[in-house]
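The chain contents come next:
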Amino acid sequence: MFKWDVVAVEPKKDFTLLLTFAKGKKRLFDCKKYLLEKPYAQKLKDIDFFMGAKADHFTVAWSDDLDIAPEYLYEKSVAVK
């Protein structure tokens, strides 16, 4: 297991993701800052769709065609105590 493997995700109404990585590290990823303006991520602007985020195969996914690389999530998130 790599340090950036996502084992749990909790989507928040403010378009952030509370992530739990391998070994229990918790980090917060701000989708507003990194994703919402990207053409491939337009579906995420729908809060109901966004709230359907799930941990899947050690990353965060919403559907078969929309997920985020776990190392990107780890690199762009901030530690949470």
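Residues numbered from 1 in each chain as written. Predicted model: local features only at pLDDT ≥ 70, side-chain atom pairs only at ≥ 80, totals over all residues. Heavy atoms only, no water.

Is there a simple way to think about the environment of Leu 28 in this case?
On the secondary structure map, Leu 28 appears in strand S3 (residues 26-30). Relative accessible area serves as the criterion here: at 30%, Leu 28 is assigned to the partly exposed category. C-alpha of Leu 28 to C-alpha of Ser 77: the two residues are 49 residues apart in sequence and 5.2 Å apart in space. Those residues in contact with Leu 28, other than ones at most four positions away along the chain, are Thr 16, Leu 17, Leu 18, Ser 77, Val 78 and Val 80. (Helix = DSSP H or I, 4+ residues; strand = E, 2+ residues; numbered from the N terminus. Buried < 20%, exposed > 50% of the residue type's maximum accessible area, 1.4 Å probe, protein only. Contact = heavy atoms within 4.5 Å.)

Just checking my understanding: could you explain the pairing of strand S2 (residues 16-21) for this structure?
Each regular strand carries side chains that alternate between the two faces of the sheet. Counting buried positions over the six residues of S2 gives six, a clear majority of the element. Both strand S1 (residues 6-11) and S2 contribute to a ladder of five bridges, which runs antiparallel. By the bridge assignment, Glu 10 is partnered in S2 with Leu 18. In sequence, S1 turns back onto S2 through a hairpin of four residues, with Phe 15 there showing a positive phi of about 65 degrees. Following S2, the chain reverses through four residues before pairing antiparallel with S3; Lys 23 in that reversal takes a positive phi of roughly 65 degrees. (Pairing = 2+ DSSP bridges.)

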